[in-house]
Amino acid sequence: MISSSDTGSAMMTTAINWHGFVKDLRAHTQSAAALNSVLALIIVEVRQLGICNSLWGFDAGEFVVDDVKKRLGAMLKNVVTAERIAPARIAVIIRDIAIPELLSVSAQKIINGLSKPVVFRGEAIKVDVSLGIAIFPQHGVSAESLLCEAELALDSAVSRACSFHITDSPYADKYSALFRVHDNLQQAIANENLGLNYQPKFDLKTRLPVASEALMRWHLPDGGRVRPEEFIAVAEASGIIEQLTDWAINTALREIAELNDLNLKMGVAVNVSATSLYDPAFILTVESALAIWGVPPQLLTLEITETLLMQNPRLCFAHLSRLRDLGVKVSIDDFGTGFSSLSYFKTIPADEIKIDQSFVKSMEKNSDDEKIVESIIGLAHNFGHQVVAEGIESSETLHKLQAMGCDIGQGYFLAKPMAMDKYRHWLIAEYG
Ligand code: G
Ligand code: G
Ligand code: MN
């Protein structure tokens, strides 16, 4: 955030807010994906800030950066964020780009707008900037990849002594790659090349399995498998995610109904991504899938990541409440990484909190992580939520979690994800 004083002579500083910026960028790329709109990320580097510092002092350097940041925020329309992300770099997000080809005009406008010298204590300081630009979704479908592209573009501008550079090489490639993945996923659904693996979740008191988490796998014709991290973001950006979520819920319920018929009454948890939860039709999808497969709603849990929840708590909470009204359970996934505030926590419409596996995995080595796990368990219990620990990889971790009163456990030490055939045989052999 800006902390500044405008007496002109006092110190003026703009704090570096990298983490805040990345969080903002994630939120904006995700809402752009949901709205099918284009956004631009521009990184502006103030050149020769070091020289400015040594000629006029650090106050002057800070003043220049602050001034550039303010001018950037005011210069273009649709600027949603302008943050200092490094000592000499300010990143700007522009949303609703109608014609990406015109971004070179915006770049020129920025360069012109910043060419007027900054006046500091009577000195006119000339500011020289370089710009790196990347466009969502063409150049990157995640905040991280977009940042990389913009940084690379900036490096390229600096190294070629250009005032700005818009990522170009992967432009056409990535655009067509997006469509290729879209087509391939559509075929994968049609040709049944998608599958679900089931990883059991155990009651930690009885050590009996109570449910499983359905994890999507994309089987390639050459025998390879693609993990969801690699295609969910693309599926969101290319608009095929609704179909995927629909498929996952229906497949999980169909397969769970088959287990029920064998008297293996197991719940199932399905991961739901941002775009699907925001879609008002999603509630209908869930309701009709439950009816089609005749599965009691309390056997279905929907896992929503905490990060997604915090992007638009009001809308998410409203949709989650309606899902809970159907009798479906809601689980907050990867909890502890999404910075939800405690004031939200008290109103989260959830049945279950899943502690992020990063804390659980390092509990043995890191006593801070152990404290975090223990605190989350206490917090969740105080609010009447069940707690799941995922990523249990050793008996030591398991015993500690049991001693802490954690309700449910999931992890490689207990059981790995299995295809349905294997999962069914495993259930019958161990508990049938
Ligand atoms: O096994 P694993 O690599 O399967 O899962 C990686 C990530 O992908 C996890 O964060 C998980 O929540 C997510 N994931 C797995 N299956 C699905 C799915 O069906 N839909 C969505 N949206 N995410 C999934
Ligand atoms: O984000 P989500 O909680 O949905 O992620 C589940 C992911 O965690 C899946 O990729 C699953 O395969 C993985 N997973 C489950 N248990 C363990 C474990 O004990 N160790 C590790 N490394 N990964 C696990
Ligand atoms: Mn999950």
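You'll find the structure just up there.
Residues numbered from 1 in each chain as written. Chains lettered and ligands numbered in written order. Predicted model: local features only at pLDDT ≥ 70, side-chain atom pairs only at ≥ 80, totals over all residues. Heavy atoms only, no water.

With that settled, consider the overall build of the protein chain. The number of helices and strands found in the protein chain is 17 helices and 19 strands. Over its C-alpha atoms, taken along the principal directions, the protein chain stretches across nearly 85 × 45 × 35 Å. Counting only residues that meet the buried cut, the protein chain has 51% of its 432 residues in that class. The long-range fraction of contacts in the protein chain, counting pairs at least 24 apart against all pairs at least 6 apart in sequence, stands at 69%. Taking the average place of the 38 positive charges on the side chains of the protein chain and the average place of its 52 negative ones, the gap between the two points comes to 3 Å. (Helix = DSSP H or I, 4+ residues; strand = E, 2+ residues; numbered from the N terminus. Buried < 20%, exposed > 50% of the residue type's maximum accessible area, 1.4 Å probe, protein only. Contact = heavy atoms within 4.5 Å. Lys, Arg positive; Asp, Glu negative; His and termini not counted. Charge placed at Lys NZ, Arg CZ, Asp CG, Glu CD.)

Take the site of ligand 1 next. With respect to spatial proximity, the complete set of residues near ligand 1 consists of Leu215, Met216, Arg217, Arg227, Pro228, Glu229, Ile232, Ala248, Asn271 and Ser273. In the model, a nitrogen atom of ligand 1 is placed 3.0 Å from a nitrogen or oxygen of the Met216 main chain. The side chain of Arg217 places a nitrogen or oxygen atom 2.7 Å from an oxygen atom of ligand 1. For ligand 1, whose free accessible area comes to 490 Å², the fraction covered by protein is 81%. Grouping the constituent residues of the shell around ligand 1 by class yields five nonpolar, two polar and three charged. (Near = heavy atom within 4 Å. Polar contact = N/O pair within 3.5 Å; in protein donor to acceptor, adjacent residues only side chain to side chain. Areas by Shrake-Rupley, 256 points an atom, 1.4 Å probe, with all protein chains shown as cover. Nonpolar A, V, L, I, M, F, W, Y, C, P; charged D, E, K, R; others polar.)

Here the focus is the coordination of the manganese ion (ligand 3). Looking at the manganese ion (ligand 3), one finds its protein donor set to be Glu213 (OE), Asn271 (OD1), Glu303 (OE) and Asp333 (OD), positioned 2.1 to 2.4 Å from the metal centre. Each donor residue of the manganese ion (ligand 3) belongs to the same chain, and together they define the spacing E-x57-N-x31-E-x29-D. Remark: Glu303 occurs in strand 14 (residues 300–305) and Glu213 occurs in strand 11 (residues 209–219); sequence separation between them is 90 residues. The same class applies to Glu213 and to Glu303, which are both buried. (Donors = N, O, S within 2.8 Å, 3.2 Å for Na, K, Ca; no water.)

Before going further, it helps to spend a moment on the sheet that holds strand 3 (residues 39–46). Strands sit in the order 4-5-3-8-9 across an open sheet of five strands; the sheet is mixed. In this open sheet, the two strands that pair with only one neighbour each are strand 4 (79–86) and strand 9 (164–166). Taking each pair of neighbouring strands and ignoring which way they run, the sheet shows an average axis angle of 15 degrees. Set on the sheet, helix 1 (residues 18–35) makes contact with strand 3, strand 4, strand 5 (89–94) and strand 8 (129–136); between it and strand 4 the angle comes to about 145 degrees. Of the strands in this sheet, strand 3, strand 8 and strand 9 touch helix 4 (residues 103–113), which is tilted by about 150 degrees from strand 8. (Pairing = 2+ DSSP bridges. Axes fitted to C-alpha atoms, helices over the stretch in contact; angles between N-to-C directions.)

As a further point, take the site of ligand 2. Close to ligand 2 lie 16 residues, the nearest being Glu213, Gln357, Glu390, Glu393 and Tyr412. Here an oxygen atom of ligand 2 sits 3.1 Å away from a polar atom, N or O, in the side chain of Asp334. Contact distances for ligand 2 include 2.7 Å between an oxygen atom and a backbone N or O atom of Tyr412. Burial of ligand 2 by the protein amounts to 83% of the accessible area it has alone, namely 520 Å². Across the shell around ligand 2, the residue classes break down as four nonpolar, five polar and seven charged.

Along strand 14, five of the six residues are buried, which leaves the element largely enclosed by surrounding structure. Across four bridges, the pairing between strand 13 (residues 267–271) and strand 14 is parallel. Across the sheet, Val268 pairs through a bridge with Leu300, a residue of strand 14. Both strand 14 and strand 15 (residues 329–335) contribute to a ladder of five bridges, which runs parallel. Directly across from Thr301, in strand 15, lies its bridge partner Lys329.

The peptide bond linking Phe136 to Pro137 adopts the cis configuration, its omega dihedral lying at 0 degrees. With phi around 45 degrees, Arg121 is a residue other than glycine that occupies positive phi space. Mapped onto the secondary structure, Arg121 falls in the loop between strand 6 (118–120) and strand 7 (123–125).

Moving on: the packing of helix 8 (residues 241–261) against helix 17 (residues 420–431). At a closest axis distance of 12 Å, the pairing of helix 8 and helix 17 adopts a crossing angle of 25 degrees. By the angle between their directions, the pair helix 8 and helix 17 is classed as roughly parallel. In the packing of helix 8 onto helix 17, the handedness of the crossing is right-handed. Residues Glu255, Ile256 and Leu259 of helix 8 pack against Met420, Tyr423, Arg424 and Leu427 of helix 17. Of the residues assigned to the contact of helix 8 with helix 17, the class counts are five nonpolar, no polar and two charged. (Parallel < 35°, antiparallel > 145°, perpendicular 65-115°, else oblique. Left-handed = near helix turned anticlockwise from the far one by under 90°.)

Further remarks concern the nonpolar core. Core analysis: the largest hydrophobic core is formed by 80 residues, its most contacted members being Leu302 and Leu401. Leu302 has contacts with Ile249, Val270, Val272, Phe282, Val286, Leu323, Val328, Lys329, Val330 and Ser331, leaving out every residue within four places of it along the chain. (Core = buried A, V, L, I, M, F, W, Y, C linked by side-chain atoms within 4.5 Å.)

Moving on, we get to the pattern of salt bridges. Counted according to the given criterion, the structure contains 21 salt bridges. Between Glu45 and Arg89 there is a salt bridge, with its nearest N and O atoms 2.7 Å apart. Placement of Glu45 in strand 3 and of Arg89 in strand 5 is noted, with a sequence separation of 44 residues between them. Linked by salt bridges that have partners in common, Lys201, Glu213, Glu303, Glu352, Lys354 and Glu390 make up one network. (Salt bridge = Lys/Arg side-chain N within 4 Å of Asp/Glu carboxyl O.)

Geometric descriptors of this kind do not, in isolation, establish any biological role.
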